[in-house]
Amino acid sequence: MRTILTMVNVLALALLLSVNLACDKKSTDSNDEEQEFVATTQDFKDYKNWTLKATETGPDPFLKTAHGVNDNFTRKIFFNATAKASNGEYPVGSMILKELTDDQGNVQGAFTVMVKRGGNFNPDGNGWEWFMVSTDFSTVITQGDNATAGDGNCASCHSAANVNNNGLDWVFTR
Ligand code: HEC
């Protein structure tokens, strides 16, 4: 009787262990899926040390009056080190900032920023978070997902980057 009980105990223990191991595995997997990068304006301060990907002047077919555009302004687009697209999308932690300067080189308007936040954030926009922040980084003017940021205007215009080879993963510049 005692041996049977011990065997039952051992079996129960083994079962418990395997369930635990299975749970551990599952939680690691779901952590991967929920990996999220939540940026604050402080994360953008260093943008001048990121890679300058493009310098634009003059009109752009998509831009119209967005981004406080003025044909005399220079638009510089900076990518952080993580912002390297592979398999058609940017990884979580990618940050892309656009700066406007006048013909004297003075920063104008506000910074527009895209952050690949990932996790469960903004599934309609492949995990991007849209920001517009004051040029001293003290104030967030707008922030959020496709529907909320800029009353939906950021995403509705940037969706054009996803078609006709205009850009990649909501980003025009590449
Ligand atoms: C009417 C169209 C339009 C709207 C609205 C718009 N953008 Fe853009 N955006 C562009 C275009 C076009 C570019 C490409 C660079 C250029 O020509 O200046 C761009 C560039 C950018 C970039 C650099 C990465 C890239 O896609 O090239 C960021 C970051 C950005 N926009 C953020 C925003 C945010 C945040 C908003 C909303 C607050 C917004 N944009 C609203 C058209 C738009």
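Above: the structure in question.
The rules behind each value
Throughout this document, residue positions are counted from 1 along each chain, in the order its sequence is written. Since the coordinates come from a predicted model, pLDDT governs what is reported: local features require at least 70, and pairs of side-chain atoms require 80 or more to be given and counted, while whole-chain, interface and lining totals use all residues. Per the convention used, a helix needs a DSSP run of H or I reaching at least four residues, while a strand needs a run of E reaching at least two, with both numbered from the N terminus. Three exposure classes are used, based on other C-beta atoms lying within 10 Å of a residue's own C-beta, which is placed from the backbone: buried for 20 or more, exposed for 12 or fewer, and partly exposed in between. Any residue pair is listed as a contact if its two C-beta atoms, each placed from the backbone, are within 7 Å. Using a C-beta atom placed from the backbone, a residue is described as near a molecule or strand when that atom lies within 6 Å of it. We call Asp, Glu, Lys and Arg charged. Ala, Val, Leu, Ile, Met, Phe, Trp, Tyr, Cys and Pro are nonpolar, and the rest, Gly among them, are polar. To form a nonpolar core, buried Ala, Val, Leu, Ile, Met, Phe, Trp, Tyr and Cys residues must be joined through C-beta atoms within 7 Å.

S.K.: Describe the overall build of the chain, naming the residues involved and giving the relevant values.
M.R.: Along the backbone of the chain there are two helices and six strands. Put simply, the chain runs from its N terminus to its C terminus through helices and strands in the order α-β-β-β-β-β-β-α. Classification of the 174 residues of the chain by burial places 24% in the buried group. Nonlocal contacts in the chain, meaning residues at least 24 apart in sequence, comprise 48% of its contacts between residues at least 6 apart.

S.K.: Quick rundown of the site of the ligand? Include the residues and the values.
M.R.: Near the ligand, the surroundings consist of 29 residues, among which A66, T112, C154, C157 and T173 are the closest. Listing elements by their share of the shell around the ligand, those giving two or more residues are β2 (74–79), β3 (95–101), β4 (107–116), β5 (128–134) and α2 (153–158). It is α2 that provides the largest number of residues to the shell around the ligand, a total of four residues. Partitioned by chemical class, the residues of the shell around the ligand number 17 nonpolar, seven polar and five charged.

S.K.: Residues and numbers for the nonpolar core, please.
M.R.: Formed by 24 residues in total, the largest nonpolar core has its most connected members in I96, L97, V113, M114 and W130. Those elements that provide at least two residues to this core are β2, β3, β4, β5 and α2. For M114, the contacting residues outside a window of four places in its chain are I96, W128, W130 and V171.

Any functional reading would require information that these geometric values do not contain.
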